[in-house]
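# An overview of the molecular structure
Spelled out, the chains give:
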Amino acid sequence: MSENGTLYSVLLQNAETVALICPSQGSGFPNKAIPVTSLKVGDEILLKIQGGARHTGIEIKEFIVEK
């Protein structure tokens, strides 16, 4: 939930090849990739709110039509 109370959700593909980056936090070690498949209910992630959808880090234009 954001500081202004807005609730966000994120959709991630459940695959070993999809990962989130964990910063090194000053330990001197490089950033660590955490596979989405290792996430558990209750884990928290930090989101950067941006305008569009992304695929492999590149912003894409898309829309969904529900029928």
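Residues numbered from 1 in each chain as written. Predicted model: local features only at pLDDT ≥ 70, side-chain atom pairs only at ≥ 80, totals over all residues. Heavy atoms only, no water.

When you go through the protein chain residue by residue, the secondary structure sums to zero helices and four strands. Counting from the amino terminus, helix and strand elements in the protein chain follow one another as β-β-β-β. Relative to its full complement of 67 residues, the protein chain shows a buried share of 3%. Residue pairs at least 24 apart in sequence account for 16% of intrachain contacts in the protein chain once pairs closer than 6 positions are excluded. A total of about 6,600 Å² of accessible surface is found on the protein chain, and carbon and sulfur atoms cover 56% of it. (Helix = DSSP H or I, 4+ residues; strand = E, 2+ residues; numbered from the N terminus. Buried < 20%, exposed > 50% of the residue type's maximum accessible area, 1.4 Å probe, protein only. Contact = heavy atoms within 4.5 Å. Areas by Shrake-Rupley, 256 points an atom, 1.4 Å probe, with all protein chains shown as cover.)

Its place among the elements puts asparagine 14 in the segment before β1 (19–22). The spatial distance from the C-alpha of asparagine 14 to the C-alpha of serine 38 is 9.5 Å, given a sequence separation of 24 residues. When sequence neighbours within four positions are dropped, the list of residues in contact with asparagine 14 reads Val36 and Thr37.

The next thing to look at is the environment of threonine 56. Inspection of the secondary structure puts threonine 56 in the loop between β3 (53–55) and β4 (58–60). In the structure, threonine 56 is positioned 38 residues away from valine 18 in sequence and 9.1 Å away in space, judged by C-alpha atoms.

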